[in-house]
Amino acid sequence: MLEKINQTAQYLRERAGREMPRTAIILGTGLGALVDHIDDKLYIPYSEIPNFPVSTVEGHSGNLIFGTLGGKPVIAMQGRFHYYEGYDMKTVTFPVRVFKALGVDTLFVSNAAGGMNKEFRVGDVMIITDQINLFPENPLRGKNYNDLGPRFPAMTEPYSHELIDLADQIARELEIRVMHGVYVGTTGPTFETPAEYEYFRIIGGDAVGMSTVPEVIVARHGDMRVFGISVITDLGGKDITEVPSHEEVQKAAQKAQPNVVALIREMVKRS
Ligand code: HPA
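Residues numbered from 1 in each chain as written. Predicted model: local features only at pLDDT ≥ 70, side-chain atom pairs only at ≥ 80, totals over all residues. Heavy atoms only, no water.

**Here's the deal with the nonpolar core**
1) Next: One finds Ile25, Leu64, Phe99, Phe227 and Ile264 to be the most contacted residues of the largest nonpolar core, which totals 78 residues.
2) Next: A total of eight residues in this core trace back to one element, the largest contributor, which is helix H7 (residues 246–270).
3) Next: Sequence-distant contacts of Leu64, defined by excluding residues within four places in its chain, comprise Leu12, Leu42, Tyr43, Ile44, Tyr46, Ile49, Phe52, Ile75, Ala76, Met77 and Phe99. (Core = buried A, V, L, I, M, F, W, Y, C linked by side-chain atoms within 4.5 Å. Buried < 20%, exposed > 50% of the residue type's maximum accessible area, 1.4 Å probe, protein only. Helix = DSSP H or I, 4+ residues; strand = E, 2+ residues; numbered from the N terminus. Contact = heavy atoms within 4.5 Å.)

See below:
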């Protein structure tokens, strides 16, 4: 695994031929438009990157993008790898390992999520304060490479408190309504049953989605600072009868996009 990571990192360093960013961004559903704000873009299709898997889902194109955002060098993933696509956890999180090898120390992640918190509305932006791993596997299972991180990493602060405070401050300045909450990561690809949404709420979740948790575990293993945002694209629970669909999720994410983009852009600039 170490060899693969280093080989991919070396390829990217040579191909990009520029200063390596310390900030990486995983553009989930709802943050795609951030790409329009990245300057000096270099697109590298996943298919051309050694050891990289290729994304399979409609609406998730696969490119690594080097560029600058608010004057800062960044590397962005346009399209991520989901467990439900059939990839194992090591594959899902491989790009985060490569980011670390390139010198990245701060990771921004975004996703679309279903809301269980009764205060939430469709289109809300939720700053992720914590997470619950309900994937059947942990990406760190198996041999630990001490060069990558400790065998038993603490997960006391999965999402950087400092970055959450910064986000709150920026949200106030930009007059963006932001919620705080716990993200539950589960495999999908089914959306939840009413009883499952209820269950996730009772165990402490505010929103549920099919990504992010594996990447954040690996980022924390490598001691990166992490900031995460969920766009609430549908609501779930025992009194809710609306049926979520991929199209609805995309539509709701689209609507929240300008706020999320403004927030992340400013955060990258100031962090
Ligand atoms: N459940 C799981 N994943 C999701 C949802 C949901 O309701 N909405 C967007 N991604």
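From this point, things continue past the structure.
**Regarding the site of the ligand**
1) Next: Neighbouring the ligand are the residues Ala112, Ala113, Gly114, Phe191, Glu192, Tyr197, Val208, Gly209, Met210, Thr233, Asp234 and Val249.
2) Next: Contact distances for the ligand include 3.3 Å between a nitrogen atom and a backbone N or O atom of Ala112.
3) Next: Relative to its unbound accessible area of 260 Å², the ligand is 96% covered by the protein chains.
4) Next: Breaking the shell around the ligand down by element, the ones donating at least two residues are strand E5 (106–115), strand E8 (207–209) and strand E9 (225–235).
5) Next: In terms of residue count, E5 provides more of the shell around the ligand than any other element does, three residues in total.
6) Next: Considered class by class, the residues forming the shell around the ligand number seven nonpolar, three polar and two charged. (Near = heavy atom within 4 Å. Polar contact = N/O pair within 3.5 Å; in protein donor to acceptor, adjacent residues only side chain to side chain. Areas by Shrake-Rupley, 256 points an atom, 1.4 Å probe, with all protein chains shown as cover. Nonpolar A, V, L, I, M, F, W, Y, C, P; charged D, E, K, R; others polar.)

**Considering the side chain of Asp234**
1) Next: Positionally, Asp234 belongs in strand E9.
2) Next: Despite being buried, Asp234 has no salt bridge partner; Lys251 is the closest side chain of opposite charge, sitting 13 Å away.
3) Next: Side chain to side chain, Asp234 and Thr233 meet in a polar contact 2.9 Å long.
4) Next: If we skip the residues at most four places from it in the chain, Asp234 touches Ala113, Gly114, Gly115, Val122, Tyr197, Pro244 and Val249. (Lys, Arg positive; Asp, Glu negative; His and termini not counted. Salt bridge = Lys/Arg side-chain N within 4 Å of Asp/Glu carboxyl O.)

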